[in-house]
Amino acid sequence: MAVAETQLYAKVSNKHRSRGTSALLEPLLAKGFPAHIAQKALVATGQKTTEDAAKWLHSHCNDPSLDDPIPQEYAVYLCPTGRLHSRLQDFWKESKRQCGKNRAHEVFPHVTLCDFFTCEDQKVELLYDILKRVGDSLSQSFPPSLTLTLHASPSYLGFFIDDSQANVLRELAVAFSSEASALADCHVKPSLKQFHLTLAHRFYPHHQKTLEQLAKCINPGEPCQWVAALYSRDMRFVHYQRLRALFQYKPQNIDELMINAGDLIYVDPTQQRDVSEGWVIGISQRTGCRGFLPENYTERAHESDTWVKHREYVFETASRSFTKTEMEPIIKLNGEAHNPSMPRSITNVLPLQNAALRRGVLVMRHGERVDQVFGKSWLQQCLTADGKYYRADLNFPSSLPRRRDSTKQFECDPPLSCCGIFQSKLIGEALLEQEVRVSSVYSSPALRCVQTAQHLLQGLKLNQKVKIKVEPGLFEWTKWEASRAIPSFMTVAELVEASYDIDTSYRGNFPLSSLVPSESYEDYVSRSSAVIKQIITACPSKGKGVILIVGHGSSLAPLTRALTGLPSRDSGDFAQMVRKIPSLGMCFCEELREENKWQMVNPPVKTLTHGANAAFNWRNAIMED
């Protein structure tokens, strides 16, 4: 058992357990569920209905932790509703689009009253009673509106609550803490510092100006009704990443995880190092089961997406009446909060950058490589005894280009599979459909990258119109080369002879001879930074259009972070991040010429997702018993 889990068990093993039952618990006991498991199900579903708890128990029938005595953690937040909530959600969305994700995006807008504390399952109902009793006692003194003042620093942006009004919130937090400690045996720490509503936290300092401009468009005096809400989370997964399933996946092996669209998955980053590329190992919140799942079936979820809302207390303010429009309910559309009375576009709320065409850089990983499907020994599978190539599977390329050195060099410089060729053309066609104007194309010297660029141009209907500039400086981190040597790439002359549209006049910024085997991470980041700056300098700054760069999984972060002025990622998590980048994974940066900087924005086309298709032997599968 992990040390952290052992400590959790020790924390609760000697707790006194109440024998009381509730109206929701009794029907579950009547169905034969043990009391501690029934109580666990009720808490996990927010103690809403017996039906919800029974459904949870059914889903968790194979949960190996079902008998574990670890309680949930709880927090009390003061949350805005109505128009102010809508404006805050607009800010959340636009700040993420313009500046990328920061720590504040993990949780909905709130003011912390009591931070997370543990409570035994059978005593949670006491917390509900305490919340109502404390709310009732302070409802008359609760301010009709809270005065919010914007505060900014290089790493924090948020609204501070006026000190004269903060006393009521402090009294609310202390009263809840005292009663919870006395009646429910909980150690609750009330928030006693400056009460605040965070807008952005742990962002890059150069984003401060943009975030402040967006925040100033929020009117803190918008109609708002404040709600004190009790939330819970599973304390075992506090430091885990969270994924949301986009598609259903049915396991093909016993160690794989069944997921449905919308499922939330807990992923421990420390357990992913030895997992095969394209897969993660995670625990389903819906079932409690653990197993492998394809990472491209998921997207990142927010921390609070896995929380459970239990009860809330609405502070009715006698001095303000809200119209239906002001207090329109918040619903979710495509995973984002939205007010039905507000237009879907936020351009009338927050000032957007000029949407005119700008210079852009699209950095893309190559398509599916043949050894990714058939392994490092793929070439041995499709060579005859006399060394001639033949197609052993329809996903092998129909032929290999001619090269003057040995065919064996393809082992270290593999081509695309047929699916990889299809992927590349499909992305090119999607770019054409979105009217993306590609003005220049740069490619790593690796054959798979040159082929990806060629087929992208075919999909764009730009082959023979735009030539591919082969740039050795775009080759991947050489430390990852299994041979511990720089591969022998096809020459420009050989690529032209093979009918690839190569710019023969281009001279790379980094000659092949400058690539060093097993270079350090710092040297690779430095090389990537230098090559992207030289590419940008070489392309006309007055021209509009997209510079397409086809590289490797390791190319996306160093190139785009250098371009947007972000520091390089820590080398410790770089390999784990690269593993998550699928074939044709892409990042897009656009130039803000008036501000003399580049920003990361959504790519012009959607990602390409597909499942595995294993080899099939009809004789073994159909004929044999």
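These numbers come from a predicted model, not from an experiment.

What counts, and at which threshold
- Residues numbered from 1 in each chain as written.
- Predicted model: local features only at pLDDT ≥ 70, side-chain atom pairs only at ≥ 80, totals over all residues.
- Heavy atoms only, no water.
- Pairing = 2+ DSSP bridges.
- Helix = DSSP H or I, 4+ residues; strand = E, 2+ residues; numbered from the N terminus.
- Axes fitted to C-alpha atoms, helices over the stretch in contact; angles between N-to-C directions.
- Buried < 20%, exposed > 50% of the residue type's maximum accessible area, 1.4 Å probe, protein only.
- Contact = heavy atoms within 4.5 Å.
- Phe/Tyr/Trp six-rings, centres within 6.5 Å; stacked < 30°, edge-to-face > 60°.
- Core = buried A, V, L, I, M, F, W, Y, C linked by side-chain atoms within 4.5 Å.
- Expected span 1.5 Å × (residues − 1).
- Arc of directions from axis to C-beta.
- pLDDT = per-residue confidence, 0-100.

### Describing the sheet that holds strand 1 (residues 72–80)
Stage number 1. In space, the four strands of this open sheet follow the order 2-1-6-12, with antiparallel pairing throughout. Lying at the two open borders of the sheet, with one neighbouring strand each, are strand 2 (111–119) and strand 12 (308–314). Going from strand to strand, the sheet's axes swing by 20° on average, the running direction of each strand aside.
Stage number 2. Here strand 6 (residues 226–233) pairs with strand 12 via six bridges, running antiparallel. Across the sheet, the residue bridging to alanine 228 is tyrosine 313, located in strand 12.

### Quick notes on the side chain of threonine 560
Stage number 1. Along the chain, threonine 560 turns up in helix 15 (residues 556–564).
Stage number 2. Look at threonine 560 and you get buried, because its relative accessible area is 2%.
Stage number 3. Apart from residues lying up to four places away in sequence, threonine 560 is in contact with Val363, Cys587, Cys589 and Met600.

### What about unusual backbone geometry?
Stage number 1. Non-glycine residue arginine 202 carries a positive phi angle of around 55°.
Stage number 2. Note that arginine 202 resides in the loop between strand 5 (196–201) and helix 8 (208–215).
Stage number 3. With relative accessibility at 62%, the residue arginine 202 sits in the exposed group.
Stage number 4. Despite not being glycine, asparagine 596 has its phi angle at roughly 55°, a positive value.
Stage number 5. Looking at the element boundaries, asparagine 596 is found in the loop between strand 19 (586–592) and strand 20 (597–601).
Stage number 6. What makes asparagine 596 exposed here is its relative accessible area of 70%.

### Observations regarding the packing of aromatic side chains
Stage number 1. Within the structure shown, the criterion is met by 30 aromatic pairs.
Stage number 2. Seen from their ring centres, tryptophan 477 and phenylalanine 574 are 6.0 Å apart, and the 65° between their planes marks the pair as edge-to-face. Remark: phenylalanine 574 occurs in helix 16 (residues 571–579) and tryptophan 477 occurs in the loop between strand 17 (468–470) and helix 13 (492–497); sequence separation between them is 97 residues. Neither tryptophan 477 nor phenylalanine 574 differs from the other in exposure class; each is buried.

### Some points on the nonpolar core
Stage number 1. Formed by 53 residues in total, the largest nonpolar core has its most connected members in Leu78, Phe91, Leu113, Leu127, Phe176, Leu199 and Trp226.
Stage number 2. With 42 residues, the next largest nonpolar core counts Val370, Ile427, Cys449 and Ala453 among its residues.

### Section: the sheet that holds strand 5
Stage number 1. Reading across the sheet, the three strands line up as 3-4-5 and stay open at both edges, with antiparallel pairing between neighbours. The strands lining the two open edges of the sheet, one partner per strand, are strand 3 (148–153) and strand 5. Averaged over all pairs of adjacent strands, the angle between strand axes in this sheet comes to 20°, irrespective of strand direction.
Stage number 2. Relative to strand 5, helix 5 (residues 82–99) is tilted by about 20°, and along the sheet it contacts strand 3, strand 4 (156–161) and strand 5.
Stage number 3. Relative to strand 3, helix 8 is tilted by about 170°, and along the sheet it contacts strand 3, strand 4 and strand 5.

### Topic: helix 11 (residues 418–433)
Stage number 1. Across its 16 residues, helix 11 extends 23 Å between first and last C-alpha, which sits within 8% of the 22 Å expected from 1.5 Å per residue.
Stage number 2. All of the buried residues along helix 11 are Gly420, Gln423, Ser424, Ile427, Gly428 and Leu431. Along the long axis of helix 11, the arc covered by the buried residues comes to 130°, so they all point the same way. Away from its buried face by more than 90 degrees, helix 11 exposes Phe422 and Glu433.
Stage number 3. Next to the buried residues of helix 11 lie strand 15 (360–365), helix 12 (447–460) and strand 19.

### Some points on the confidence of the model for the chain
Stage number 1. With 89% of its residues at a pLDDT of 70 or more, the chain shows a mean pLDDT of 87.
Stage number 2. Low pLDDT (under 50) marks residues 5–21, which in the prediction has 27 contacts with non-local residues, meaning those over four places away or in another chain.
Stage number 3. Across residues 318–356, where pLDDT falls below 50, the model places 69 contacts with residues more than four positions away in sequence or in other chains.

### Let's talk about the environment of alanine 530
Stage number 1. Inspection of the secondary structure puts alanine 530 in helix 14 (residues 521–538).
Stage number 2. Given a relative accessible area of 25%, alanine 530 falls into the partly exposed group.
Stage number 3. Measuring from C-alpha to C-alpha, the distance between alanine 530 and leucine 563 comes to 9.9 Å, with 33 residues separating the pair along the chain.

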